[in-house]
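Here's the letter readout for the chains.
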Amino acid sequence: MKYISDLILKMSSVDRRWIFLVIALSVILPLYFPLGLPIRPTPTTQQVYDTIDALPHGSKILVSCEYGPSTKPEIHPMVLSVLRHLFKNEHKVYVTCLWPDGQFLASEALDLVGRDEYGLTYGEDYVLLGFRPGNEAVVKGIVSDIRKLYTIDAKGTKVTEIPMMNGVNRFEDFDFLFSASAGYPGTIEWVQYAADPTNVPMSTGTTSIQVNEVMPYVAAGQVQGILAGMPGAAEYEALIGVPGIGTSGMDAQSIAHLVIVLFIVLGNVGYLIERNRSKKY
Amino acid sequence: MFGEIFGAWVAVFLTFAIFSFLYKDNPFYKIAEHIFVGVSAGYWTSMFFWTQIQPNLFGRLWPSAQYSDGFWYGIYNFFGMISSSIFPEGGIDKGHDMHLTYLIPFALGIMMLLSLFKKLSWFARWGIAYTVGMAAGLRAYGYLNSNVLGQIRGTIIPLADPDLPMFSLLGASHFNNLIILVGTVTGLLYFFFSKEHKGNFGKVTRVGIYFLMISFGASFGFAVMGRISLLIGRFVELITYSSAQYHHATLWVLVIMVGLLGYSAYNDKDNPETEGS
Amino acid sequence: MLWKRHIPILIVAVIGSLTLFGWFIDEPNIKAFVNDDATQWFDILASFAIFLGGFNLLKMQLQKVLRKKQGWQYSLFAIGGFILAIIAGFFYKGNPDVAWGTHVTADGTLFKWIFMYIFAPLGATMFALLAFFVASASYRAFRIRNFEATLLLVSGIIIMIGRVPLGSSISSWFILYLLVLIGGIAINSVFKNKQYTAIFVSVGIIIVTSAGSSMGWPLDQPGIFYLPHLQEWIYMNPNVAGTRSIMMGIGLGIFATSIRYILGIEKSYIGE
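Within each chain, residues carry numbers counting from 1 in the order of the written sequence. Chain A is the first chain written and ligand 1 is the first ligand written, with later ones labelled in order. Owing to the predicted nature of the model, reporting of local features is limited to residues with pLDDT of at least 70; listing and counting of side-chain atom pairs is limited to 80 or more, with chain, interface and lining totals taken over all residues.

**Q** Any chance you could explain the overall build of chain B here in plain terms?
**A** A helix here means a DSSP run of H or I that spans at least four residues, while a strand means a run of E at least two residues long, and both kinds are numbered starting from the N terminus. The helix and strand tally for chain B stands at eight helices and zero strands. Each helix and strand of chain B, placed in order from N terminus to C terminus, yields the pattern α-α-α-α-α-α-α-α. A residue is called partly exposed when the number of other C-beta atoms within 10 Å of its own lies between 12 and 20, exposed at 12 or fewer, and buried at 20 or more, with C-beta atoms placed from the backbone. Residues counted as buried form 43% of the 277 residues belonging to chain B.

Okay, here's the thing in structure tokens:
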């Protein structure tokens, strides 16, 4: 027993680079040797799916991409899944970006899903309006007069020459908003300046870190459900039946979490042993 | 194709250079860090210029729809001789009408840039004052409406609804609604520092702290989840770049970097004064 | 004084009041200005602020090189990176079929190449690095020193495990056995009596085993010990309550601070 206690205490002061190595292996090994753990959607993810599924076919959907390459692993899979769901239900998709890097990633997602998978036509089925700087001022601009803010789309085409922009003048002309958000500006700004004042329904997908900030809006009914980080993206992929990066990363996520929990437990066991010994002596 | 393969090798090198910081601070990491700083600044400057300044500012000062041979477009033509990409012939065609009032933000913007010079540093105050005023006006309404009134509305939930069960793990119930109400009120009371937290009030605020600790724990759990997700994303890309299509970039760069760092560590072992942190 | 102090304060007061009351005024000209032009001006100034940051960075790095300060060699990489991005943004498209302006988003341009193979990997890896430090910090510093810290730790662990597929594969009976074991350790540390501990653990195991056998060992029953359900309850109830109270406090604080700025009481933006 004393030998085990001494070993645990010794491990408490191990060089942190060994911990880094264990974390790296706990992520890499499941990527090479997947476990195939089943993915069960949570109620908040199901709520997003049900809300989008209930929209009448051909609705005008605003998808706002506010994420960058640093948060791509969490948000991009959910954007791809939501786009697949929207295009499957024949909705018209309008994409804006509050982050500059979001435009590249939105373009990538639309090309992959809209153009390559569904064979849809740019300008008739989907349009990338693009990025505008100004944070919440952009959201306000979209609410009041989208045509003053977006005179051209991301490809430089005048908005007046894009067929699907007919009849779209302000935020209330949209039937639904999905915000894929990694921080500021993002979901919170859409809730405060767009959804709440106009009562246009919205859902969101956020990074895991932002989930807790947004949860009160979900609980209060201001946001219809939330896709929480990569697990949320994997759950949505399971719901639409098209597994992607979110699903493939879940085994690694599970094992890494387990390893971190074990580290925390081990650290606390060492702390308790040390505390008991110092009380004794 | 060469651009893609070369780009993959560059991406892998930069990724491992950042990860090498886990071993210790080293020149690879410092180089990658400085490249990131420089490229970010240049990238955002270009992006904001071409998506905002050129179409929305210059496009409103010199729209092609109102091009003429007068003095105003004479200035435009002069700029056009310097850069025909930014000021194309015949005006800027972005669907705007002329709004000379946009000279005001243009002037404020130039004043902001002039503040780079120490003697003119106060120039930036006007532009900053405009953005501060605008943000203050926007946020006062937004936060009060959504974060305060909206949340109060969300907390007014039924405690005696006969259709609700007494307790349920998933979905609404009397117990869950009571937890939300008690937690919100006691949490808010904890932040009331005008009264000392002792006696019965202290007991109530203690309950508030417990709810706050639970939400901090949940935030910690989500923070870990987010970071691990990003790590998974990086490793997925490195695995992609280890394939034959990219000439096994990941493996080669890893071997070379580990070799160089190992050699440096071996030399530092012989010369302990030169060892870093 | 007038130019450096009074005029900025006046600008904040006028623009702030206009923006705030613009939510409530229906006069078309004011609404048009507040909703359209004022926001465009904000965007333009935000862009200039980015330029200011970029040029300031360049100035600092150049000064470091010219004055040969420590680490000046690395500043050459920063300057080189900036120049490369500016060349790609303003001088060399790389794809002649794309117009200036749309080249920042179009395929096949040097700008897009820089984004995909330099900017994106660097940004993503910087963030991913934190995963290692979170794990290391959790191991070394996360200690259950008191009841509040224990609450934080337990809710964090339940969220971490309950939210991933592994959590839904862990039977609630495993959690029950774990609780019996933890209870035994707690009994031992309080009473320091091996007999009490043995009785508690044995009785606990017998009860859990009997209940499990009679129910047929369902994975997700009893629901309160099934991690995904437990984490969902924590996530939607006590967590929402705590986060909501923080959010309301912050909301009131921001409202008060915004009014202070508009009334000219807060003047930190001019250095006072």
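We are not done yet, so read on.
**Q** What is the right way to read the overall build of chain C from this model?
**A** Looking only at helices and strands, chain C features ten helices and zero strands. N-terminal to C-terminal, the α/β element order of chain C is α-α-α-α-α-α-α-α-α-α. Just to be clear, the radius of gyration here is over C-alpha atoms, and the globule rule we use is 2.2 Å times residues to the power 0.38. In terms of overall size, chain C is more extended than a compact globule, its C-alpha atoms giving a radius of gyration of 30 Å where 272 residues would be expected to give roughly 19 Å. Taking the principal axes of its C-alpha atoms as reference, chain C extends roughly 80 × 50 × 45 Å. Across the 272 residues of chain C, 42% fall into the buried class.

**Q** Explain the interface of chain C and chain B here, please?
**A** Interfaces are often described in size by the accessible area the parts lose on coming together. Contact between two residues is assigned when their C-beta atoms, built from the backbone, lie within 7 Å. At the interface, 108 residues of chain C touch 101 residues of chain B. Contributing elements (two or more residues each) for the side of chain C that touches chain B: α1 (2-21), α2 (28-66), α3 (72-90), α4 (110-141), α5 (147-162), α9 (227-236) and α10 (238-262) of chain C. For the side of chain C that touches chain B, the element with the highest residue contribution is α2(C), accounting for 21 residues. Residues that form the side of chain C that touches chain B fall into these classes: 75 nonpolar, 25 polar and eight charged. Three classes are used: nonpolar for Ala, Val, Leu, Ile, Met, Phe, Trp, Tyr, Cys and Pro, charged for Asp, Glu, Lys and Arg, and polar for all others, with Gly counted as polar.

**Q** Before we go on, may I ask you to explain the packing of helix α6 (residues 136-144) of chain A against helix α5 (residues 124-155) of chain B in this structure?
**A** Between two packed helices, both the angle of their axes relative to each other and the distance between the axes serve to describe the pair. Between α6(A) and α5(B), the shortest axis-to-axis distance is 10 Å and the interhelical angle comes to 70 degrees. For the element pair α6(A) / α5(B), the angle class is roughly perpendicular. For the element pair α6(A) and α5(B), the recorded crossing hand is left-handed. Contacts from A:Glu136, A:Ala137 and A:Lys140 in α6(A) reach B:Met134, B:Leu138 and B:Gly142 in α5(B). Angles here are taken between N-to-C directions and fall from 0 to 180 degrees, while the axes themselves are lines fitted to C-alpha atoms, restricted in helices to the stretch in contact. Angle categories are assigned with fixed cut-offs, so that under 35 degrees is roughly parallel, over 145 is roughly antiparallel, 65 to 115 is roughly perpendicular, and the rest are oblique. The handedness criterion is simple: a crossing whose near helix is rotated anticlockwise from the far helix by less than a right angle is left-handed, and one whose near helix is rotated clockwise is right-handed.

**Q** Help me understand the pairing of strand β1 (residues 60-66) of chain A in this model?
**A** On a regular strand, each side chain points to the face opposite its neighbour's, so the side chains alternate between the two faces of the sheet. Residues and elements named next belong to chain A. Judged by how many residues are buried, β1 sits mostly within the fold: six of seven residues are covered. With five bridges connecting them, β1 and strand β2 (residues 92-97) associate as parallel partners. Each residue of the ladder has a partner; that of Ile61, found in β2, is Val93. Chirality of the crossover, the property in question, places the unit of β1, helix α4 (residues 72-88) and β2 among those that are right-handed. A pair of strands is labelled paired if DSSP reports no fewer than 2 bridges between them. Where β1 and strand β4 (residues 176-181) come together, six bridges link them in parallel fashion. Paired with Ile61 across the two strands is Phe176, which belongs to β4. Call a crossover right-handed when, viewed with both strands pointing away from you, the route from the first strand across the helix to the second goes clockwise.

**Q** Sorry if this is basic, but what is going on with the interface of chain B and chain A here?
**A** Facing 39 residues of chain B, the contacting portion of chain A comprises 47 residues. Only α2 (27-61), α5 and α7 (199-240) of chain B provide two or more residues apiece to the side of chain B that touches chain A. At 17 residues, α7(B) tops the list of elements feeding residues into the side of chain B that touches chain A. Its residues assigned to classes, the side of chain B that touches chain A shows 22 nonpolar, 15 polar and two charged.

**Q** Teacher, can you tell me more about unusual backbone geometry here?
**A** A negative phi angle is the norm for most residues apart from glycine, just as the trans form is the norm for most peptide bonds. A cis geometry characterises the amide bond from A:Tyr184 onward to A:Pro185, with omega recorded as -10 degrees. Structurally, A:Pro185 can be placed in the loop between β4 and α8 (187-198). Here the amide bond leading from C:Gln221 into C:Pro222 is cis, since omega sits at -5 degrees, within 30 degrees of zero. Positive phi values are uncommon outside glycine, yet C:Lys68 reaches one of about 50 degrees. For C:Lys68, the position within the fold is in the loop between α2 and α3. Despite not being glycine, C:Lys192 has its phi angle at roughly 50 degrees, a positive value. The residue C:Lys192 is located in the loop between α7 (172-191) and α8 (194-215) in this model.

**Q** Looking at this structure, how should I read the packing of α5(B) against α2(C)?
**A** Between α5(B) and α2(C), whose axes approach to 10 Å, the crossing angle comes to 130 degrees. On the basis of the axis angle, α5(B) is oblique to α2(C). Note that α5(B) runs across α2(C); the crossing there is left-handed. Across the interface between the two elements, B:Gly127, B:Tyr130, B:Thr131 and B:Met134 of α5(B) pack against C:Ala38, C:Trp41, C:Phe42, C:Leu45, C:Ala46 and C:Phe48 of α2(C). For the contact of α5(B) with α2(C), a count of residues per class yields eight nonpolar, two polar and no charged.

**Q** Help me out: how do you make sense of the sheet that holds strand β3 (residues 126-131) of chain A in this one?
**A** Note: strands within a sheet are paired through backbone hydrogen bonds, in either parallel or antiparallel orientation. Residue and element names in this part refer to chain A. Taking strand neighbours across the sheet as the criterion, the six strands line up as β3-β2-β1-β4-β5-β6 in an open arrangement whose pairing is parallel. The open sheet terminates on both sides in strands that have one partner only, identified here as β3 and β6 (226-228). Looking at each pair of strands side by side, their axes are set apart by 15 degrees on average, direction ignored. Sitting on the sheet, helix α10 (residues 229-240) touches β5 (202-206) and β6, and the angle it makes with β6 is about 120 degrees.

**Q** Got a minute to help me understand α9(C) in this structure?
**A** One full turn of an α-helix is made of 3.6 residues, so residues set three or four places apart face in the same direction. Counted residue by residue, α9(C) has ten buried out of ten residues, so it is predominantly covered. All of the buried residues along α9(C) are C:Leu227, C:Pro228, C:His229, C:Leu230, C:Gln231, C:Glu232, C:Trp233, C:Ile234, C:Tyr235 and C:Met236.

**Q** What's the story with the nonpolar core in this structure? I'm lost.
**A** Side chains that are nonpolar tend, in soluble globular proteins, to be buried together. A set of buried residues qualifies as a nonpolar core if it consists of Ala, Val, Leu, Ile, Met, Phe, Trp, Tyr and Cys joined through C-beta atoms within 7 Å. In this structure, A:Val95 and C:Ile114 are the most contacted members of the largest nonpolar core, which totals 217 residues. With 18 residues, the top contributor of residues to this core is α4(C). Domain boundaries shown here were taken from an automatic or database domain assignment. For this core, the domains that each give at least three residues are domain 1 (2-33 + 250-280) and domain 2 (43-243) of chain A. Once you skip the residues sitting within four places of it in the chain, C:Ile114 turns out to touch B:Val39, B:Tyr43, C:Leu84, C:Ala85, C:Ala88 and C:Phe119.

**Q** Quick question: what am I supposed to make of the confidence of the model for chain C here?
**A** Do not read the fine detail of predicted coordinates wherever pLDDT is low. All names here are of chain C. Summing up the model confidence of chain C, the mean pLDDT is 90 and the portion of residues at 70 or higher is 100%. Ranking the elements of chain C by mean pLDDT puts α2 last, at 88, and α3 first, at 95. Confidence metrics for the complex model read pTM 0.87 and ipTM 0.87. One number per residue, pLDDT, summarises how confident the predictor is, and it ranges from 0 to 100.

**Q** Help me out: how do you make sense of the pairing of β2(A) in this one?
**A** All names here are of chain A. Here β2 lies mainly inside the structure; six of its six residues are buried. Where β2 and β3 come together, five bridges link them in parallel fashion. Across the sheet, Tyr94 pairs through a bridge with Val127, a residue of β3. Following the chain from β2 across helix α5 (residues 100-117) to the adjacent parallel β3, one finds a crossover that is right-handed.

**Q** I'm lost on the environment of A:Gly205 in this one. Help?
**A** Residues and elements named next belong to chain A. One can find Gly205 in strand β5. Between the C-alpha atom of Gly205 and that of Ala228, which follows or precedes it by 23 residues, the distance is 6.1 Å. If we ignore the near neighbours within four places in the chain, the residues touching Gly205 are Ile75, Met78, Ala180, Ile226, Leu227 and Gly232.

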